[in-house]
Structures are given as C-alpha cells and as structure tokens.
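Observations on the three-dimensional arrangement
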Amino acid sequence: MTYDAIIIGAGHNGLAAGVHLASKGWRIGVFEQADQPGGAIKTAEITRPGFRHDLYAMNLSLFAGSPFFAAHKAALVRNGLAFVPAGDCFATAFPDGTWLGVSQDLELTASRIAALSPQDAQAWRDMVAAFAADAPHVFALLAAPLPSRAAMRALWQAYRARGAAGLSGLARLVLSSPRDFLDRHFHSAKLKAMMAVWGLHLDFPPDAAGGALFPYLESMANQSFGMVIGQGGADTVVAASAATLKEYGGELHLCSPVGEVICSRGKARGVRLADGRTVMARRGVIANVHPKNLFGTLLKGDHAASRAKVAGFRAGPGTMMIHYALSEQPGWAAGEALKRFAYVHLAPDLATMSHVYDQAMAGLLPETPVLVVGQPTALDPSRAPAGQHILWVQVRVLPSKILADAAGEIDETNWSLAKERYADRVQALIERYAPGFGKTVLGRAVASPGDLERENANLVGGDSLSGSHHLDQNFIFRPVFGWSRYKTPIGKLHLVGASTWPGAGVGAGSGFILAKMLAGA
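Residues numbered from 1 in each chain as written. Predicted model: local features only at pLDDT ≥ 70, side-chain atom pairs only at ≥ 80, totals over all residues. Heavy atoms only, no water.

1. Thoughts on the side chain of Thr 319
Mapped onto the elements, Thr 319 comes out in strand S13 (residues 318-326). A distance of 2.5 Å separates polar atoms of two side chains, one belonging to Thr 319 and the other to Arg 396. Excluding residues that lie within four positions of it along the chain, Thr 319 makes contacts with Gln 394, Val 395, Arg 396, Leu 398, Ala 447, Ser 448, Pro 449, Leu 452, Gly 462 and Ser 464. (Helix = DSSP H or I, 4+ residues; strand = E, 2+ residues; numbered from the N terminus. Polar contact = N/O pair within 3.5 Å; in protein donor to acceptor, adjacent residues only side chain to side chain. Contact = heavy atoms within 4.5 Å.)

2. Brief notes about the pairing of strand S16 (residues 370-374)
Extensive coverage of S16 is indicated by the burial of five of its five residues. Summarising the sheet, strand S14 (residues 343-346) and S16 pair through four bridges and their orientation is antiparallel. Following the sheet pairing, Val 344 is matched in S16 by Val 373. Bridging between S16 and strand S17 (residues 389-398) involves five bridges; their strand directions are antiparallel. The residue bridging Val 372 from the neighbouring strand is Gln 394, located in S17. (Buried < 20%, exposed > 50% of the residue type's maximum accessible area, 1.4 Å probe, protein only. Pairing = 2+ DSSP bridges.)

3. As for the nonpolar core
Counting 57 residues, the largest nonpolar core has Trp 124, Met 195 and Met 353 as its most contacted members. Residue contacts for Met 353: discarding those within four places in its chain leaves Ala 193, Ala 196, Val 197, Leu 200, Pro 206, Ala 347 and Val 370. Counting residues in hydrophobic clusters, the runner-up holds 40 residues, among them Ile 28, Ile 41, Leu 60 and Phe 69. (Core = buried A, V, L, I, M, F, W, Y, C linked by side-chain atoms within 4.5 Å.)

4. Notes on the packing of aromatic side chains
Inspection of the entire model under this criterion finds 21 aromatic pairs. When the ring of Phe 68 is compared with that of Phe 512, the centres are 5.7 Å apart and the planes differ by 65°; the resulting orientation is edge-to-face. Note that Phe 68 is positioned in helix H3 (residues 67-78) and Phe 512 in helix H16 (residues 509-519), a separation of 444 residues in sequence. Each member of the pair, Phe 68 as well as Phe 512, carries the same accessibility label: buried. With centroids separated by 5.1 Å and ring planes inclined at 80°, the aromatic side chains of Tyr 324 and Phe 437 adopt a geometry described as edge-to-face. Residue Tyr 324 is located in strand S13, and its partner Phe 437 is located in the loop between helix H14 (415-433) and strand S19 (441-447); the two are separated by 113 residues in the primary sequence. Neither Tyr 324 nor Phe 437 differs from the other in exposure class; each is buried. (Phe/Tyr/Trp six-rings, centres within 6.5 Å; stacked < 30°, edge-to-face > 60°.)

5. Topic: the sheet that holds S17
Read across the sheet, seven strands follow the order S7-S6-S14-S16-S17-S13-S19 without closing on themselves; strand pairing throughout is mixed. Each edge of the sheet is formed by a strand with only one pairing partner; in this case those strands are strand S7 (99-103) and S19. The mean angle between the axes of side-by-side strands here comes to 20°, regardless of whether they run parallel or antiparallel. (Axes fitted to C-alpha atoms, helices over the stretch in contact; angles between N-to-C directions.)

6. As for unusual backbone geometry
With the exception of glycine, most residues fall at negative phi, and the peptide bonds are largely trans. Here the bond from Arg 396 into Val 397 is cis, since omega is 0°, no more than 30 degrees from zero. Mapped onto the elements, Val 397 comes out in strand S17. In this structure, Cys 255 is a non-glycine residue whose phi angle is positive, near 50°. Relative to the helices and strands, Cys 255 is located in the loop between strand S9 (251-253) and strand S10 (258-264).

7. Side note on the pattern of salt bridges
Here the structure, examined in full by the defined rule, presents 24 salt bridges. Residues Asp 88 and Arg 340 are paired through a salt bridge, measuring 3.2 Å at the closest nitrogen-oxygen approach. Taken together, the residues Asp 88 in strand S6 (residues 88-93) and Arg 340 in the loop between S13 and S14 connect sequence positions 252 residues apart. Looking at Asp 88, the relative accessible area reads 15%, which means it is buried. (Salt bridge = Lys/Arg side-chain N within 4 Å of Asp/Glu carboxyl O.)

8. Considerations on the pairing of S17
Sheet faces and side chains relate simply in a regular strand, where the side chains alternate between the two faces. For S17, a buried count of 10 out of 10 residues is recorded, marking the element as mostly surrounded by other parts of the structure. Inspection of the sheet shows S13 paired to S17 by eight bridges, in the antiparallel sense. Counted as the bridge partner of Met 321 is Gln 394 from S17.

9. Brief notes about helix H6 (residues 149-175)
Taking 1.5 Å per residue as the helical rise, H6 with its 27 residues ought to reach 39 Å, whereas the 22 Å between its terminal C-alpha atoms falls clearly short. Largest kink in H6: about 120°, centred on Gly 163. Structurally, H6 contributes buried residues whose contacts are with helix H5 (118-142), helix H7 (178-185) and helix H9 (213-225). (Expected span 1.5 Å × (residues − 1). Bend = angle between axes of the 7 residues up to and from the residue.)

10. Overview of the packing of helix H1 (residues 12-23) against H16
Orientation of H1 relative to H16, taken along the N-to-C sense of each, is 30°, at an axis distance of 7 Å. Between H1 and H16, the angle falls in the class roughly parallel. By crossing handedness, the relation of H1 to H16 is classed as right-handed. Of the residues in H16, those touching H1 at Asn 13, Ala 16, Ala 17, His 20 and Leu 21 are Gly 509, Ser 510, Gly 511, Phe 512, Ala 515, Lys 516, Leu 518 and Ala 519. Residues that form the contact of H1 with H16 fall into these classes: seven nonpolar, five polar and one charged. (Parallel < 35°, antiparallel > 145°, perpendicular 65-115°, else oblique. Left-handed = near helix turned anticlockwise from the far one by under 90°. Nonpolar A, V, L, I, M, F, W, Y, C, P; charged D, E, K, R; others polar.)

11. Observations regarding the packing of helix H4 (residues 106-114) against H5
Direction vectors running N to C along H4 and H5 enclose 150°, while the axes themselves pass 7 Å from each other. Crossing handedness for the pair H4 and H5: right-handed. Contacts between H4 and H5 involve Leu 106, Glu 107, Thr 109, Ala 110, Ile 113 and Ala 114 on the former and, on the latter, Pro 118, Asp 120, Ala 121, Trp 124, Arg 125 and Val 128.

12. Thoughts on the environment of Lys 401
Assignment of secondary structure puts Lys 401 in the loop between S17 and strand S18 (404-405). We classify Lys 401 as exposed; its relative accessible area is 69%. Separated by 35 residues in the primary sequence, Lys 401 and Gly 436 have C-alpha atoms spaced 32 Å apart. The contacts of Lys 401, once residues within four sequence positions are left out, are Gly 363 and Trp 415.

13. Regarding the environment of Ile 490
Inspection of the secondary structure puts Ile 490 in the loop between helix H15 (449-455) and strand S20 (493-495). Distance in space between the C-alpha atoms of Ile 490 and Arg 421 is 46 Å, their sequence separation being 69 residues. Setting aside residues up to four positions removed in sequence, Ile 490 forms contacts with Cys 263, Gly 266, Lys 267, Ala 268, Leu 299 and His 303.

Right, here's the structure in full:
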C-alpha cells in the first residue's frame with residue numbers, strides 16, 4: 001500500500017492536514033491507534049445514558065475563526081459540522097457574591113465594568129476598538145509558519161498600518177506578564193482577575209513573561225465575535241473532518257497503531273504498523289504526535305541528538321477533568337444570570353492564581369484549585385435529557401506527579417488513589433459558589449492527569465497543552481529551535497500538533513499551515 005503522504009494520528013491537526021492535501025489531489029492515508037478519531041476532541045456518554053460530555057476540549061471558537069474552516073467551510077458544513085453560539089461568553093464568580101462577565105453585547109459588558117470603575121469601562125472600550133485594528137495583523141501572524149516570508153509580511157503590514165509605536169505595542173504585549181499588562185490598562189482587581197484566568201488555560205500564572213497575549217486575545221475575541229461550542233458535542237469537528245477527508249478521497253484507518261517510521265538515506269519513506277504491515281509514502285510522513293513519542297518510540301536507530309533535544313521539551317502542568325450529569329443547572333449564589341454563560345471561572349484574584357500555580361509546580365495538590373466550569377447545556381440542551389444538564393469542569397493547574405497535599409488532607413501520592421478525594425475538594429468549592437450543588441448531581445466521572453495520558457499518549461503527564469507555552473518554548477522555539485517550520489532533522493518527516501506553532505487550542509493551525517506549505521497553496 002502506497003500513499004502520497006501518511007499521517008500518524010487522527011487528532012484535529014492531522015485531519016486538517018489530510019483534508020487539505022486530499023483536496024489538492026494527494027492520496028492520503030491517516031493511521032490512528034484508537035477506535036475513533038479526534039485525539040483530545042471527543043464526546044461520549046460517560047456518566048449516564050443520554051448525557052453527552054466533551055471529554056477534553058469544549059470551546060470551538062478558534063476553529064470557527066480558523067483559516068482551515070474558511071478554506072473548507074462548504075464541505076465541512078455539508079458533512080455535518082454545526083456550531084452553537086454563546087452571546088454570554090465567560091464570567092468570574094467572586095466569593096463576596098458578585099460576578100463579572102463578558103457578553104458579546106459591548107454595552108452590556110461595559111456597563112458591568114463601569115459599576116466597578118467608569119475609567120476601566122472606557123479603557124475596555126478603547127481596547128476593543130484597538131483590537132479591531134490589530135486583530136488582522138495578529139491573526140495573520142498566528143496563521144503563518146515561523147520563520148517565513150508570510151510572517152514578515154504580517155509584521156510589515158502591521159508596521160504600515162499602525163506605525164512603529166503600534167508595532168512596539170504589540171511586541172510589548174507578547175513579552176508582558178498578565179499582571180504587568182493588566183496593571184497598565186485597568187484598575188479594578190475583579191476585572192484583572194476575570195481576564196488573567198485565561199493565562200491559566202495555558203500555563204501562565206500572573207507573573208510569567210509572555211502570558212499576556214492569551215488573556216488579551218480571548219477577552220477581546222469573545223467581546224468582538226462571541227464564543228461557539230459544537231452542536232451536539234465538540235466531536236462535530238472530528239466527524240465532519242473525517243467525512244470530508246473521505247469525500248476528497250483520503251482514507252482513515254482506525255485501530256491501526258504505527259509501530260515505526262521507516263527511514264532510509266536520511267528520509268522518511270513510510271511506516272510499519274504494529275501488526276507488521278508496511279505502508280509507503282511518496283512525498284512524506286506527517287506525525288501528529290508529541291515529539292517525545294515520535295523520537296522515543298516511533299523512530300528506531302541512532303537519533304541521539306534529536307532525542308536529547310526533545311528530552312528538554314518541558315510539559316506544562318497537569319489537568320483534571322470532571323464531568324457531571326445534573327438534575328438542574330448550578331444555582332450560582334452570585335446570580336441567576338451566570339446560568340447563561342458558556343464558562344464560569346472560579347479564580348477570584350491574581351494571588352490565588354499565583355498560589356495555585358506555585359503549589360502545582362512544586363508537586364503539591366493545590367489547597368484551593370482554580371476551576372473552569374463549562375455549561376454546555378445552557379447553550380445546547382440536546383446534550384442531556386429534557387430538563388437536565390451536564391457540567392464540564394477543568395481543574396487548572398495540577399502536578400503530574402503528587403509529592404504531597406498543600407492542605408494536608410490527602411495522603412495518597414498516586415493519582416489513581418487520590419483523584420476521587422481531590423474531586424471531592426473541587427466539588428466542595430463549587431458548592432461554596434453554588435449552594436446545594438451536590439444535591440443536583442446524578443453522576444460524576446473524574447479523569448486525573450494520569451488518566452489523560454493513558455487515554456492519549458500525547459498528553460504527557462496529563463499536560464493538555466502538549467508542552468509549556470513559556471517564551472523559551474514558543475514561537476520559533478516550539479518545540480525546539482530549528483524545528484519550528486514543522487520539520488525534523490529527518491527529511492520528509494514532519495511534525496504537527498499542539499507541540500508545534502501556534503500551540504494548543506482547537507484551531508487546526510499547524511496541520512493546515514503545513515499542508516499549505518507542502519501543497520504550495
């Protein structure tokens with residue numbers, strides 16, 4: 001069996017690469033070890049029948065705004081892709097019984113901020129207006145390989161449109177910590193907390209350099225464009241991509257783990273499957289896997305220098321996922337309006353975020369976790385039986401290996417033994433913000449950092465980011481210097497996925513960028 005290109009792994013970046021190359025006439029074979037495609041995008045009934053939970057990713061806004069979706073929108077929609085918009089995007093609930101949130105209606109958001117600080121409300125409006133001018137240049141850079149002429153063109157166009165001051169402002173944003181960026185623009189501690197928590201969706205505590213960009217982009221993009229989730233589940237992206245791949249003539253092979261990348265004379269020639277079958281590739285092999293798994297498992301022979309490089313590629317902190325089946329939505333003490341929001345963050349201030357991050361990185365179970373509480377059935381009731389709900393809870397951040405419990409309550413240091421007790425701590429925290437929550441629970445499923453890695457080997461140590469995004473591992477340094485254009489030291493062997501630029505998130509960035517580079521358009 002011979003293809004033009006072989007893709008290892010049917011995560012959304014691998015599927016995006018396959019779809020685009022197949023649309024250009026390439027014969028594509030995608031080989032996935034699991035019995036379903038998707039990688040870290042999966043939806044399943046894991047608590048009770050009829051309750052459909054997004055096991056990992058939930059927010060599909062990056063995908064909806066991606067160049068890949070723009071290029072293949074007609075085919076993806078024809079094959080079933082559908083989004084559900086959220087006009088009320090994200091909010092933070094505070095211990096004093098108040099909340100602050102971003103809705104797509106600018107006047108509504110600004111009025112909430114004005115109640116805290118009229119000066120901050122005007123600064124928010126000014127930032128939104130500036131974002132409208134800066135967004136095309138920022139997104140053009142995110143959609144370009146690094147380094148490349150396209151990236152230089154994006155910077156040049158930003159310079160022409162915004163001048164030296166505007167370009168230096170963008171550079172300062174990219175290098176700033178969340179705290180420094182937020183202190184420059186706002187006064188309200190609650191507004192700063194509401195924005196800064198987006199840094200912990202990656203691995204940026206308030207004082208980490210380079211962490212300002214994500215809080216800025218998420219806050220401004222949600223204000224400007226809203227948020228979307230998948231109709232019926234995030235797996236709508238996967239099902240539509242797989243069907244589009246097939247429509248374009250590509251092939252998806254499930255339950256087909258790759259055992260080895262076949263190389264000769266310094267180039268990748270194909271793969272050997274775990275069952276012994278050999279599959280050849282005329283133009284190259286694309287690995288949608290973590291670089292440590294590529295060089296530690298799939299490449300045999302003498303690759304010591306490359307293995308040494310990827311050995312230094314740091315994982316981000318671990319993540320826990322908790323999925324609830326509920327008889328009703330949480331009764332948020334801060335107000336009924338919180339029930340409308342896609343996300344409710346439980347991260348009351350920058351000090352808490354810093355404390356949680358420091359504890360997790362020291363191997364401690366955080367005393368008071370930071371929670372991202374997703375409310376998909378507030379937007380899409382089809383995911384649960386009539387009148388009932390699901391809750392998607394991501395615990396950020398946790399140690400991949402437990403040394404001790406910061407609260408001194410949990411003795412176990414093995415995640416398989418500690419996870420339910422730590423989930424009880426999480427549930428107790430939700431209860432403080434939503435009294436009576438426990439009485440609404442019909443079912444609960446907990447996935448620890450160890451469970452995440454067992455389910456998906458690319459989530460090393462339960463790191464949902466496939467590698468820290470700190471400055472020394474981002475941009476041209478992702479995953480290591482010299483490999484940022486999706487290349488490896490082996491000819492015709494390419495690497496895509498969250499471990500490569502532009503990093504984590506459901507945006508199909510690396511897969512689509514590489515496919516365009518290979519196809520010439």
